[in-house]
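Fold and geometry: a report
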Amino acid sequence: MGTQTSSEAQESKPVSVEIRGQRLSIRSNHDPAFVRSLADHIDAKVAELQKAAPAVSLSKLLMLASMTVAEELFEARQEIDRLRDEITNRTDAMLALLDEAGGDGPSPETG
């Protein structure tokens, strides 16, 4: 993806995508390749659901796909929060070890 100036980043452009054979024109200020990758992800989710339930309508499949993607997003956010907490805990533990070892350098009495 190329670098955009602030004026280019604000400009909304139409991007043509296809989900389960349905063509859509979406206005977005994101890179067209990014928008298409989002549509491809949704298309793959709907195709996966369609294999499991071929008689279900496209609108219901799209709702189920959106729930699946939302679940993935929420799980990813929870994992980020967990990792952030782990980093904070490990950083605190390392700082405590440095304090115990006199990590601030020689004390004025010895120095």
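Bear in mind the structure is a predicted one, so any value in this text is a computation, not a measurement.

Another point: the overall build of the protein chain. Helix and strand counts for the protein chain stand at 3 helices and 2 strands. When the helices and strands of the protein chain are listed from N to C terminus, the series reads α-β-β-α-α. Among the 111 residues that make up the protein chain, the fraction classed as buried is 10%. Residue pairs at least 24 apart in sequence account for 26% of intrachain contacts in the protein chain once pairs closer than 6 positions are excluded. A total accessible area of about 8900 Å² is found for the protein chain, and carbon and sulfur atoms account for 57% of it.

Summarising the element assignment, V15 is placed in strand β1 (residues 13–19). The exposure class assigned to V15 is buried, which follows from its relative accessible area of 1%. Residues V15 and V35, spaced 20 residues apart in sequence, show a C-alpha to C-alpha distance of 7.3 Å. When sequence neighbours within four positions are dropped, the list of residues in contact with V15 reads L24, S25, I26, P32, V35 and R36.

Counted according to the given criterion, the structure contains 7 salt bridges. Between E72 and K45 there is a salt bridge whose closest N-O contact spans 2.5 Å. Within this pair, whereas E72 is found in helix α3 (residues 58–100), its partner K45 is found in helix α2 (residues 32–52), the two being separated by 27 residues in sequence. For E72, a relative accessible area of 30% translates into the label partly exposed. Linked through salt bridges whose partners overlap, the residues forming this network are E79, R82, E86 and R90.

Attention now goes to the pairing of strand β2 (residues 22–28). The pairing of β1 with β2 spans 7 bridges and is antiparallel. Within the sheet, the bridge partner assigned to P14 lies in β2 and is R27. In this structure, the hairpin formed by β1 and β2 is closed by a connection of 2 residues, where R20 is found at a positive phi of approximately 50°.

The end-to-end C-alpha separation of α2 is 31 Å, in line with the 30 Å expected for 21 residues at 1.5 Å each. For α2, the complete set of buried residues consists of V35, A39, K45, V46 and A47. Against β1, β2 and α3 lie the buried residues of α2.

Bringing the confidence of the model for the protein chain into the picture now. Residues of the protein chain with pLDDT of at least 70 account for 83%, and the chain-wide mean is 88. The secondary-structure element of the protein chain with the lowest mean pLDDT is helix α1 (residues 6–10), recorded at 52, while α3 shows the highest, at 97.

What follows deals with the side chain of K45. Given a relative accessible area of 14%, K45 falls into the buried group. Among the polar contacts made by the side chain of K45, one reaches the side chain of E72 at a distance of 2.5 Å. Ignoring anything within four residues of it in the chain, the contact list for K45 reads A65, T68, V69 and E72.

About the criteria used
- Residues numbered from 1 in each chain as written.
- Predicted model: local features only at pLDDT ≥ 70, side-chain atom pairs only at ≥ 80, totals over all residues.
- Heavy atoms only, no water.
- Helix = DSSP H or I, 4+ residues; strand = E, 2+ residues; numbered from the N terminus.
- Buried < 20%, exposed > 50% of the residue type's maximum accessible area, 1.4 Å probe, protein only.
- Contact = heavy atoms within 4.5 Å.
- Areas by Shrake-Rupley, 256 points an atom, 1.4 Å probe, with all protein chains shown as cover.
- Salt bridge = Lys/Arg side-chain N within 4 Å of Asp/Glu carboxyl O.
- Pairing = 2+ DSSP bridges.
- Expected span 1.5 Å × (residues − 1).
- pLDDT = per-residue confidence, 0-100.
- Polar contact = N/O pair within 3.5 Å; in protein donor to acceptor, adjacent residues only side chain to side chain.

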